Structure formats: structure tokens, C-alpha cells
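Breakdown of the fold
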Amino acid sequence: MGAASADLIHLVLGIFGVLIVASVIGYVLERRLSPDGSNAAIENLNARIKAWWVMVVLIGIAFIAGRAGVILLFAFCSFAALREFMTLINTKRADHWALAAAFFVALPVQYYLLWAEQYGIYSIFIPVYAFLFMPIIAVLRGDTERFLVRIAEVQWALMICVFCASHVPALLTLHIPGYEGRNVLLIAFLVIVVQLSDVLQYVWGKLFGKTKIAPRLSPSKTVEGFVGGVISASLIGAALWWVTPFTPLQAGLLAFVITLMGFFGGLVMSAIKRDRGVKDWGHLIEGHGGLIDRLDSVVFSAPIFFHLVRYWWSLS
């Protein structure tokens, strides 16, 4: 068994252990405090735990399938997230060509370029070529009403749901001396740290939260929850240094940066939801809303994490 496989197995076993403990705690709390389903906080907690079981199993299967499985999983996530995003933006019949190009040209091309490890192209394909050609496609329909707003929203959807999300599997394309064959562990590190930061911010906020950090955007987020969650997740990131090519201090610093990006990404996506007057992006995942509600932290942190790792080693 290779070192990467052994580390991944240890990591997966640890995650399953945490989920088992969380499931037991949730079951006990439900039996004692919410037997009739009247306690919304406990019901929400158990719904989140169930959803995490599903997500962990799906990600685990993708990891087992290897590079192709991971890329296909995130390509599907991008498609589903893009679909959710499009339901909340202003579109007209004149935008149908541009929307079709986003789903059936930009998205598959981006993931093909990633598969082919064409970093020089996939790093600029969407923010340069897609951004330039999208308004050209739309303007050919001749409808100029609210043209700038309509195009900007489609471009923003592509940026978040495809370009940023694709940087998670893009970690597989990095060539780090002495770390060959272990890149999947970088994906695990990113997802675990960022998602645990979200969970720990929620827990710390419920336990000690008093000061609202952005009441108009996300009433449940507090200063106490933010500080406790970011610090806790950063320490966990440092403890997971053994799955990365970094020292404990470097892993902790990287964890701190991506948890900050994840937090602010969540605020940005919450602002869009408030602008559109909705609570969740969708209802795909019970207890978690839509797929974007789970991906918002990851997609904002993924490009930063990717480039920090890439340039760290290219400059060393």
C-alpha cells in the first residue's frame, strides 16, 4: 500500500469516526430534547449530519475512482451549482444562446483543459475568453434591455460555479517534488478544513455567540462564532500537516487563509441571496439548502489555496 493510500485511509477512518460520534450525539439529543421534532436547532443538526454522511460517501467514491472520478464529480457539482445560480438571475429569451454556451461549451471545455493539465489555458479560459465571447453571443440577439446586468450575472455565475469550483480538482495537476501521487490529500485538506470551519463557527456561535457580525447578511453569524471557528479550524489544519507537503506552521497558516476566504465567500453569497429574497440557493441537500449553500466557502477558498500551493513550490 502506498503512503498516499495509507494516509487517505487513516483520514477517511477519522472522518467516519467523527460522523459516527456526531450521529450518536444527535440521536441522544433528539430522543431527550426533541422527541416530537419541536426543537428546530436539534432537527437542523441531525439533518446536517445525515447530509454529511451522503456527501462524505460520494466524495469517498470519487477518491477511490481516482483522478477521473474527482474531475467528474466536480464537473457535475459545477453543472448543478450553475443551474441553481441561473434560477435566481435576470434572464430573457435573448440570453438562451449565452446560457447554452455557459452550460455546454464553457463548462465542459474548462474541465477538459483541466483534465489535459493545460494550466496556461484553463487559468484564463473563463475570465478572459468566456467573458469576452459571452456578451458577443448575447448581443447577436439584438435585445439591449438591461443588457449589462444580464451579462454580468451570467459571467459571475460562470466565475463562481465553474472557474472557482474547478480549482478544487485542479490541485491534482500540481507537481510537487517529493509529493507525487498524493495530491488527492490536498483536496481532502481543503474540503475538511473549510467545511469544519463552517461547522465550528456554527457551534461556537450557538454556544457563545452574542455579537452579530453581519446581521443584514447572515443573522446566525457572530463575532464569537467567527473567531472560535477560524481559530479551531486553523489548529485542525495544523494538526493535519501530515497529509500535506507542509510543516505544521505552514499548514496552519494556509488553513487560516482559506477559512477566512471561506467565511467571506459565505457572506458574499448570502448577500446575493438577500438581494434575490431567498433563504437558500435550492433544496438539493436536506438540511443544507442547495449545492451552492455547501460550496460557497469552498469555491472562494479553492483558487487562493491552489495558487498559494503552486507558487509556494515554484518559488522554493
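Residues numbered from 1 in each chain as written. Predicted model: local features only at pLDDT ≥ 70, side-chain atom pairs only at ≥ 80, totals over all residues. Heavy atoms only, no water.

Moving on, we get to the overall build of the protein. What the protein contains, in helices and strands, is 11 helices and zero strands. When its helices and strands are written in sequence order, the protein yields α-α-α-α-α-α-α-α-α-α-α. The C-alpha atoms of the protein give a radius of gyration of 20 Å, which matches the 20 Å a tight globule of 316 residues would have. When its C-alpha atoms are laid out on the principal axes, the protein stretches across 60 × 50 × 30 Å. Out of the 316 residues belonging to the protein, those deemed buried represent 49%. Long-range pairs, those at least 24 residues apart, make up 71% of the contacts in the protein between residues at least 6 apart in sequence. Of the roughly 15500 Å² that the protein leaves accessible, carbon and sulfur atoms contribute 70%. A gap of 3 Å separates the mean positions of the 23 positive and 18 negative side-chain charges of the protein. (Helix = DSSP H or I, 4+ residues; strand = E, 2+ residues; numbered from the N terminus. Rg over C-alpha atoms; globule rule 2.2 N^0.38 Å. Buried < 20%, exposed > 50% of the residue type's maximum accessible area, 1.4 Å probe, protein only. Contact = heavy atoms within 4.5 Å. Areas by Shrake-Rupley, 256 points an atom, 1.4 Å probe, with all protein chains shown as cover. Lys, Arg positive; Asp, Glu negative; His and termini not counted. Charge placed at Lys NZ, Arg CZ, Asp CG, Glu CD.)

Below, the discussion takes up the packing of aromatic side chains. Following the criterion strictly, the structure yields 10 aromatic pairs and no others. Centre to centre, the rings of F16 and W53 are 5.5 Å apart; their planes meet at 40°, and the pair counts as tilted. Of this pair, F16 sits in helix α1 (residues 3–33) while W53 sits in helix α2 (residues 40–65), placing them 37 residues apart in sequence. Among the residues examined, W53 registers a relative accessible area of 26% and is labelled partly exposed. For the ring pair F103 and F104, a centre distance of 6.2 Å and an interplane angle of 40° mean the geometry is tilted. Residue classification places F103 among the buried positions, given a relative accessible area of 14%. You can call F104 exposed: its relative accessible area is 58%. It is R67 that lies over the ring of W115; its NZ or CZ is 4.3 Å from the centre. (Phe/Tyr/Trp six-rings, centres within 6.5 Å; stacked < 30°, edge-to-face > 60°. Lys NZ or Arg CZ within 6 Å of the ring centre and 35° of its normal.)

Turning our attention to helix α10 (residues 248–276). It helps to recall that an α-helix has 3.6 residues per turn; residues three or four apart then point in one direction. Taking 1.5 Å of rise per residue, 29 residues should cover 42 Å, and α10 covers 42 Å from first to last C-alpha, within 8% of that figure. G277 sits one or two residues past α10 and shows a positive phi near 75°. (Expected span 1.5 Å × (residues − 1).)

Take the side chain of T173 next. Structurally, the position occupied by T173 is in the loop between α7 (147–166) and α8 (184–208). A distance of 3.1 Å separates a polar atom in the side chain of T173 from a polar atom in the side chain of Y122. Every residue in contact with T173, bar those within four places of it in the chain, is listed here: L114, E117, Y122, N183 and F306. (Polar contact = N/O pair within 3.5 Å; in protein donor to acceptor, adjacent residues only side chain to side chain.)

Moving on, we get to the pattern of salt bridges. What the rule picks out here adds up to seven salt bridges. Of the charged contacts in the structure, one is a salt bridge between D143 and K92, with a shortest N-O distance of 2.8 Å. In this pair, D143 sits in the loop between α6 (125–139) and α7 while K92 sits in the loop between α3 (67–86) and α4 (96–115), placing the two residues 51 residues apart along the sequence. Under the relative-accessibility criterion, K92 is labelled partly exposed at 27%. With a shortest N-O distance of 2.5 Å, R276 and D275 are connected by a salt bridge. We classify R276 as partly exposed; its relative accessible area is 28%. With relative accessibility at 55%, the residue D275 sits in the exposed group. Taken together, the shared-partner salt bridges connect K92, D95, D143, E145 and R150 into one network. (Salt bridge = Lys/Arg side-chain N within 4 Å of Asp/Glu carboxyl O.)

This part is about the environment of R216. Mapped onto the elements, R216 comes out in the loop between α8 and α9 (223–239). Along the chain, R216 and G228 lie 12 residues apart, while their C-alpha atoms are 21 Å from each other.

What follows concerns the state of the cysteines. Counted under the stated rule, the structure contains zero disulfides. Looking at C77, it has no disulfide partner, and the nearest cysteine sulfur is the one in C161, 11 Å off. Take C164: it sits in no disulfide, and the sulfur closest to it among the cysteines is that of C161, at 9.1 Å. (Disulfide = S-S within 2.5 Å.)

This part is about the UniProt feature "transmembrane region" (unreviewed entry) in the protein. Sites flagged by UniProt as "transmembrane region" (unreviewed entry) map to residues 7–29, 49–82, 94–113, 119–140, 147–172, 184–204, 225–243 and 249–272. Counted over residues 49–82, helix gives 97% and strand 0%. Its end C-alpha atoms are 25 Å apart. Between the C-alpha atoms that bound residues 184–204 the distance is 30 Å, and the span itself is 100% helix and 0% strand. (UniProt positions renumbered as here; feature names shortened; annotations may be inferred.)

Further remarks concern the packing of α9 against α10. A packed helix pair is summarised by two numbers, namely the angle formed by the two axes and the spacing between the axes. Axis separation between α9 and α10 bottoms out at 7 Å; the angle between their running directions is 145°. Seen from above, α9 lies across α10 with right-handed handedness. Where α9 approaches α10, its residues F226, V230, A233, S234, G237 and A238 are matched on the opposing element by P248, A251, G252, A255, F256, T259, L260 and F263. Considering only residue class, the contact of α9 with α10 consists of 10 nonpolar, four polar and no charged. (Axes fitted to C-alpha atoms, helices over the stretch in contact; angles between N-to-C directions. Left-handed = near helix turned anticlockwise from the far one by under 90°. Nonpolar A, V, L, I, M, F, W, Y, C, P; charged D, E, K, R; others polar.)

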